[in-house]
Amino acid sequence: MVDPVWSKPSPQVQGFVADEMAAAFSIAEMRGIAGSIGIDRGDQPATARRSEDFTRSIIERAVERGSFFELVRRAAQARPRRSTLAWLPVTLPSMELASSVPATRSVDPGLELRNAKEHIVALTQLLGRICCLEADGAPLGTGILIGPDRVLTSAHLFTRDSETPRIPKTLVFRFGYEESDTVGTPVRVREQSPVLAWSPVARADGGERPALDYILLSLARSPASDVVDEASKRLRGSVDVSSTIELPPPDRIVQIFQHAEGEPTSLSIGTITGSDRVAARLYYSLTTRMGSSGGGVFDLRNVPIGLHRGRVKRDGRTLGQGIPMAMIVRDMERQLTCDHGDGG
């Protein structure tokens, strides 16, 4: 099923894409990109003095032909160092939703909507902080950079039940992995005492520790200091989990950033269906697959509200389930304050 943003993008989406492409490409370059998706010179504007006018005409033709997504994808590939453009194939569905005032305010009355450019810039920054975890060349799951050299992910990737996690020395965190033909920026795990805090997958018999199924790992260097946009010299930065909220209400719109099955970063959008404070669980209706574990669950303000851990049958439906971020943050702070070292 094709997302409506690709089959019939709104005027706001079309306008934003036109502005981004016009700023990135000359008319000659846009002619080449258009030609690569079958819009040959006979279908292109014969004369155009401004790149903006030419680009808008090309976008209109792409929408008419049903090739808008392919046009965006080709443009993103052509300018991978222009981060807002490179991430457009992932971020546009969220922008379409966030710019829909009736839809978002009906379930989130306090939401202050950004304009299109602000929303895309914020999402682009966030996506650069999501990474794919790999060991021995095989994908394990997804992680979130929450400090200069700290990644939060699911504990069940490295342990069962309440056993102490075992971290492979070959573990790599791959940032900026937005296309299948790119390798992103790989960063290795710290060799000595990489586990800073963790919570078991399941509560041990008679144990008092909550089963929050998370692990905080230390990296060999700080990817937060990487330059991720050559034009603006913007650094990657990290996700501020201290800004999280308590259990979100049902129907709150959420989005998860993931590396499903080790693929490039993808975005899935859905809604909260419920929560369980005692079990420390959030439930939501959105699409995830193997490898999504450890992905961040965010609201449309890009506030982190959960850590995805898998899917579960509930009330006759298959739903996504995650751990409330507020509970994880409190548990991490307790362990780091007590200086538990490797979390043993």
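Above this note sits the structure.
Everything quoted here is computed from the prediction, not taken from an experiment.

Caption draft 1: Spotlight on the overall build of the protein chain. A tally of helices and strands in the protein chain yields 10 helices and 15 strands. Classification of the 344 residues of the protein chain by burial places 53% in the buried group. For the protein chain, contacts bridging at least 24 residues in sequence account for 64% of all contacts bridging at least 6. Carbon and sulfur atoms form 49% of the exposed surface of the protein chain, whose accessible area is close to 15400 Å².

Caption draft 2: Inspection of the sheet that holds strand β15 (residues 317–324) at higher detail. Spatial ordering of the closed barrel is given by β10-β11-β12-β15-β14-β13, a layout of 6 strands whose pairing is antiparallel. Ignoring which end each strand starts from, the neighbouring axes of this sheet average 45 degrees apart. As paired elements, strand β13 (residues 296–299) and strand β14 (residues 304–314) share 3 bridges and run antiparallel to each other. Paired with Phe298 across the strands is Pro304, a residue of β14. Contacting β14 and β15, helix α10 (residues 325–338) runs over the sheet at an angle of about 30 degrees to β15.

Caption draft 3: Quick peek at the sheet that holds strand β2 (residues 138–147). Taken in spatial order, the 7 strands of this open sheet run β5-β4-β1-β2-β3-β7-β6, and their pairing is antiparallel. The sheet is open, and its two borders are formed by β5 (185–188) and β6 (195–199), each paired with just one other strand. Shown here is a sheet whose adjacent strand axes are inclined to one another by a mean of 30 degrees, direction ignored.

Caption draft 4: Spatial organisation of the nonpolar core. The biggest cluster of nonpolar side chains holds 27 residues, and the ones touching the most others in it are Leu152, Tyr214, Phe257, Ile328 and Met332. Among the secondary structure elements, those contributing two or more residues to this core are α9 (116–127), β2, β6, β7 (214–218) and α10. No other element matches α10, which puts 5 residues into this core. When sequence neighbours within four positions are dropped, the list of residues in contact with Met332 reads Ile146, Leu152, Ala197, Tyr214 and Leu216. With 26 residues, the next largest nonpolar core counts Val13, Phe16, Met30 and Phe68 among its residues.

Caption draft 5: Quick peek at the pattern of salt bridges. Considering all chains together, one arrives at 10 salt bridges under this definition. When the shortest N-O distance is used, the salt bridge between Arg74 and Glu70 registers 2.7 Å. Here the residue Arg74 and the residue Glu70 both occupy positions in helix α5 (residues 68–78), the gap between them amounting to 4 residues, near one helical turn. Residue class for Arg74 comes out partly exposed when judged on its relative accessible area of 27%. Linking Arg174 and Glu134 is a salt bridge whose minimum nitrogen-to-oxygen distance equals 2.9 Å. Of this pair, Arg174 sits in strand β4 (residues 172–175) while Glu134 sits in strand β1 (residues 130–135), and the two are 40 residues apart along the sequence. This pair shows no difference in class: Arg174 is buried, exactly as Glu134 is. Each of Glu70, Arg73 and Arg74 takes part in a single network of salt bridges with overlapping partners.

Caption draft 6: Spatial organisation of α10. Between its first and last C-alpha atoms α10 spans 20 Å; for 14 residues at 1.5 Å apiece the expected length is 20 Å, and the two agree. Turning to α10, its buried residues number three or more, namely Met325, Ala326, Met327, Ile328, Val329, Asp331, Met332 and Gln335. Check the buried side of α10 and you find it contacts β2, β3 (150–153), β6, β7, β14 and β15.

Caption draft 7: Highlighting the pairing of strand β11 (residues 266–276). Across 6 bridges, the pairing between strand β10 (residues 253–258) and β11 is antiparallel. If you follow Ile256 over to β11, its bridge partner there is Ser268. Bridging between β11 and strand β12 (residues 281–285) involves 5 bridges; their strand directions are antiparallel. Bridged to Ile272 within β12 is Tyr284.

Caption draft 8: Fine view of the packing of aromatic side chains. In total, this model carries 1 aromatic pair according to the counting rule given. Arranged with centres 5.5 Å apart and planes meeting at 70 degrees, the rings of Phe257 and Phe298 form a pair that is edge-to-face. Here Phe298 lies in strand β13 and Phe257 lies in strand β10, a separation of 41 residues in the sequence. Like Phe298, Phe257 is buried.

Caption draft 9: Summary view of the packing of helix α2 (residues 11–24) against α5. Two elements in contact, α2 and α5, have axes whose closest approach is 11 Å; the angle formed by their N-to-C orientations is 30 degrees. Classified by the interaxial angle, the pair formed by α2 and α5 is roughly parallel. In this structure, the crossing between α2 and α5 has a hand that is left-handed. Of α5, the residues touching α2 (which contributes Val13, Val17 and Met21) are Phe68, Leu71, Val72 and Ala75. The residue makeup of the contact of α2 with α5, split by class, is 7 nonpolar, no polar and no charged.

Caption draft 10: Structural context of helix α3 (residues 27–36). Those residues of α3 that fall on the buried side of the exposure criterion are Ile27, Met30, Arg31, Ile33 and Ala34. The buried residues of α3 occupy one face: seen down the axis, they fall within an arc of 165 degrees. On its buried side, α3 packs onto α2, α4 (51–65) and α5. Directly beyond the C-terminal end of α3, a positive phi value near 95 degrees is found at Gly38.

Reading the values: rules and limits
Residues numbered from 1 in each chain as written. Predicted model: local features only at pLDDT ≥ 70, side-chain atom pairs only at ≥ 80, totals over all residues. Heavy atoms only, no water. Helix = DSSP H or I, 4+ residues; strand = E, 2+ residues; numbered from the N terminus. Buried < 20%, exposed > 50% of the residue type's maximum accessible area, 1.4 Å probe, protein only. Contact = heavy atoms within 4.5 Å. Areas by Shrake-Rupley, 256 points an atom, 1.4 Å probe, with all protein chains shown as cover. Pairing = 2+ DSSP bridges. Axes fitted to C-alpha atoms, helices over the stretch in contact; angles between N-to-C directions. Core = buried A, V, L, I, M, F, W, Y, C linked by side-chain atoms within 4.5 Å. Salt bridge = Lys/Arg side-chain N within 4 Å of Asp/Glu carboxyl O. Expected span 1.5 Å × (residues − 1). Phe/Tyr/Trp six-rings, centres within 6.5 Å; stacked < 30°, edge-to-face > 60°. Parallel < 35°, antiparallel > 145°, perpendicular 65-115°, else oblique. Left-handed = near helix turned anticlockwise from the far one by under 90°. Nonpolar A, V, L, I, M, F, W, Y, C, P; charged D, E, K, R; others polar. Arc of directions from axis to C-beta.

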